[in-house]
Amino acid sequence: MDERRERRPPRAIVYYDGDCALCNWSVARCLSRGVPPGVRFAPQDGEAFERLIASRPDLAGLDSMVLQILPATPDGTALASLSPGQIKVRSEAVLWLAERLGGPERWLALLSRAIPRTVLDWGYRLLARNRRRVGRRLAECPVPTPEQRRYFLA
């Protein structure tokens, strides 16, 4: 493990619903595919998301994955405390992350560029509304290994 990589602050944070089996499955899928460099995960009921909500109250109660792309300083480190950075939600957040994974997720994300964002967001909302039913078919909430825990924020 590269110690310099470990100390580098995240450049993007994926906030997910920790009570949702589909969301947990998605995070586990990212962990199994290889987390893109600089990406970290945080539950929406945690301290990191509370800090984001303080600067972006419009995100409170949003039924969506939230992706925060942190602004970088000239030395390349991210500044989470000074600015919330760029925020992506719904299909835009999922596709941003999927494009950075290997395998079929990346290709599906690239192919989806041909589909209008309104259609993708409609599909995201439909899935979000039915995620409890869909999530029941998935495995229970995975417990990250000690190696995988480094990708999570409180």
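Report follows, based on the coordinates. (Residues numbered from 1 in each chain as written. Predicted model: local features only at pLDDT ≥ 70, side-chain atom pairs only at ≥ 80, totals over all residues. Heavy atoms only, no water.)

When helices and strands are counted, the chain shows seven helices and four strands. Shown N-terminal to C-terminal, the secondary structure of the chain runs as helices and strands in the order α-β-α-β-α-β-β-α-α-α-α. When each of the 154 residues of the chain is scored for burial, the buried share is 39%. Of the contacts made within the chain by residues no fewer than 6 positions apart, 69% connect residues no fewer than 24 positions apart. Carbon and sulfur atoms make up 56% of the accessible area of the chain, which totals about 9,300 Å². (Helix = DSSP H or I, 4+ residues; strand = E, 2+ residues; numbered from the N terminus. Buried < 20%, exposed > 50% of the residue type's maximum accessible area, 1.4 Å probe, protein only. Contact = heavy atoms within 4.5 Å. Areas by Shrake-Rupley, 256 points an atom, 1.4 Å probe, with all protein chains shown as cover.)

Here the focus is the side chain of Q68. Summarising the element assignment, Q68 is placed in strand β3 (residues 66–69). Overall, Q68 belongs to the buried group, its relative accessible area being 4%. One polar contact links Q68 to Y15, side chain to side chain, over a distance of 2.7 Å. (Polar contact = N/O pair within 3.5 Å; in protein donor to acceptor, adjacent residues only side chain to side chain.)

In this model, R90 sits at a positive phi of 50°, which is unusual for a non-glycine residue. Relative to the assigned elements, R90 resides in helix α4 (residues 90–99). Under the relative-accessibility criterion, R90 is labelled buried at 19%.

Judged by nonpolar contacts, the single largest core of 22 residues is most densely connected at V14, V39, F41, L67, W96 and L97. Those elements giving two or more residues to this core turn out to be β1 (12–16), α2 (21–33), β2 (39–43), β3, α4 and α6 (117–129). Per-element accounting of this core gives the leading share, five residues, to α2. If we ignore the near neighbours within four places in the chain, the residues touching L67 are A12, I13, V14, Q86, I87, K88, A93 and W96. I13, L59, L70 and V89 belong to the second largest nonpolar core, which has 12 residues in total. (Core = buried A, V, L, I, M, F, W, Y, C linked by side-chain atoms within 4.5 Å.)

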